[in-house]
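One-letter residues, chain by chain:
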Amino acid sequence: MSYFPRVARGVHSYPRDDSDPAPLGLGVVGLHEGRTALLAAYRTRGVRPVAGCDLDAATRAAVAAEAPEVAMTASYADLLARDDVAIVGVYTPDHLHAEHIVAAFEAGKDVVCTKPIVNDAAAARAVLAAARRTGRRLLVGQSTRFFESFRRQRAAFERGEVGDVEVVEAHYTHRMDWYYDRAPWIVDGTDWVYLGLSHPLDLLRWYLGPVATVSAVGSRSALAREHGCASYDIYSVNATTADGRLGRVFGHYGTHELPRARNSIECLLYGSAGTSMAQYHDMRYLHTAPDGTEVVEDMLYEYRHFHFNNEVHGMHYGEFANYLQHFADALTSGTPHSPDLVEGIETFCLMEAVRRSARAGGASVEVADLRTQVGL
């Protein structure tokens, strides 16, 4: 079964009809990136925005001006107490995710949490324990999976068009000077392996399944050194599965971008029956046809309003609408969704293995040991 129903051609929302269940109320905590999630909910048929929470009064006022019917509060407890909130969107700084997820589970809410859901093993154990105790569900907001070109690549993979995937190459390279200004806690409160590198590492695990071992090296760009960043912001990763398939991941967050040559995010699948690549910020899906010719699907003009609202590339409206609708469909029908909490924790283990390997100068790290430590 595909996790990726298509939006009708030329339709830039999910239209409702009389047979659809009532939309689920969405309350969002953290209204910087969370603003995009609230506005994206208007494009779905299964989710309606009802509440937003942020400690900053100016941020609340700015979002309220765009969505005046959405209630605003500075109290997360008040948001969780609302009967009309069924799904809580967590878009707060990474080190707060576990606290906010557990509180939402305990309040009887299901959760969408931006990646990474956690960035420490104790937090991973706490979130898993709360999910098992309460029976609540979580969707990891891995936006790249829900971008149109990556949706098409995945659908083709599920149809068997690339055959058995033998090698996955994925990267995310993006100049992040603006991010240091927006989120100063990244300087010494997290690691770029949990930030930018979470995208290609998630893609790697999505196609290869559980990774057995990783070996990684890292360094700091001039931009990272200028900001005093404690973590590496350049990573190169080699990964191997238990059955010998290979993955390569690269991330660079102080780069001078060359977008005509390399898109910010690319995922390249080498399979037994074909090869394919999906790209972002551009919206291209490239693949081999059965006769060996190269096919390029470029859907940017069709989907740029749905995904970007005709603003700058990277606003994520379309990706957030796609994953909110996917989650709502799964909740109302009782069917699986992806990426779920276990996938998110497995990806955390992969990220942590990469971090440890790079800190050890490229030493091989067994990912299974970390999965055991967090309780998977």
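Reference entry: report on the structure contained in this document. (Residues numbered from 1 in each chain as written. Predicted model: local features only at pLDDT ≥ 70, side-chain atom pairs only at ≥ 80, totals over all residues. Heavy atoms only, no water.)

**Description of the sheet that holds strand β2 (residues 47–53)**
Across the sheet, which stays open at both edges, the 6 strands sit in the order β3-β2-β1-β4-β5-β6 with parallel pairing between neighbours. Two strands in the sheet have a free side with no partner beyond their single neighbour: β3 (71–73) and β6 (138–141). Each adjacent strand pair in this sheet contributes to an overall mean axis angle of 25 degrees, direction not counted. With 3 bridges joining them, β2 and β3 adopt parallel strand pairing. (Pairing = 2+ DSSP bridges. Helix = DSSP H or I, 4+ residues; strand = E, 2+ residues; numbered from the N terminus. Axes fitted to C-alpha atoms, helices over the stretch in contact; angles between N-to-C directions.)

**Concerning the packing of aromatic side chains**
One pass over the full model with this rule turns up 16 aromatic pairs. The interplanar angle of 70 degrees and the centroid separation of 5.6 Å between the aromatic rings of Tyr172 and Tyr253 together place this pair among those described as edge-to-face. Of this pair, Tyr172 sits in strand β7 (residues 165–173) while Tyr253 sits in the loop between β10 (246–252) and β11 (265–271); the two residues are 81 residues apart in sequence, bridging distant segments of the chain. The buried category is assigned to Tyr253, whose relative accessible area is 0%. Among the aromatic side chains, those forming a connected cluster through ring pairs are Tyr172, Trp178, Tyr179, Tyr180, Trp192 and Tyr253. One Lys or Arg, Arg154, reaches over the ring of Tyr207 and ends 4.9 Å from the middle of that ring. Across the ring face of Tyr232, the terminal group of Arg359 is positioned such that the distance to the ring centre comes to 5.2 Å. (Phe/Tyr/Trp six-rings, centres within 6.5 Å; stacked < 30°, edge-to-face > 60°. Buried < 20%, exposed > 50% of the residue type's maximum accessible area, 1.4 Å probe, protein only. Lys NZ or Arg CZ within 6 Å of the ring centre and 35° of its normal.)

**Looking at the pairing of β2**
Where a strand is regular, its side chains alternate between the two sheet faces. Among the 7 residues in β2, 6 count as buried, and that is most of the element. Looking at chain direction, strand β1 (residues 24–29) and β2 are connected through 6 bridges and run parallel. Bridging from a neighbouring strand, Gly25 pairs with Arg48 of β2. Of the crossover connections in this fold, the one passing from β1 over helix α1 (residues 33–41) to the parallel β2 is right-handed. Between the parallel pair β2 and β3, the chain is carried across by helix α2 (residues 57–66), and the sense of this crossover is right-handed. (Right-handed = clockwise from strand over helix to strand, strands pointing away.)

**Comments concerning the pairing of β6**
Judged by which residues are buried, β6 turns out to be covered on both faces: Leu138 and Val140 on one side and Leu139 and Gly141 on the other are all buried. Inspection of the sheet shows strand β5 (residues 110–114) paired to β6 by 4 bridges, in the parallel sense. Pairing of Cys113 across the sheet is with Val140, part of β6. A crossover links β5 with its parallel partner β6, the connecting element being helix α5 (residues 121–134), and its sense is right-handed.

Function-wise, these values are silent; they only describe arrangement.
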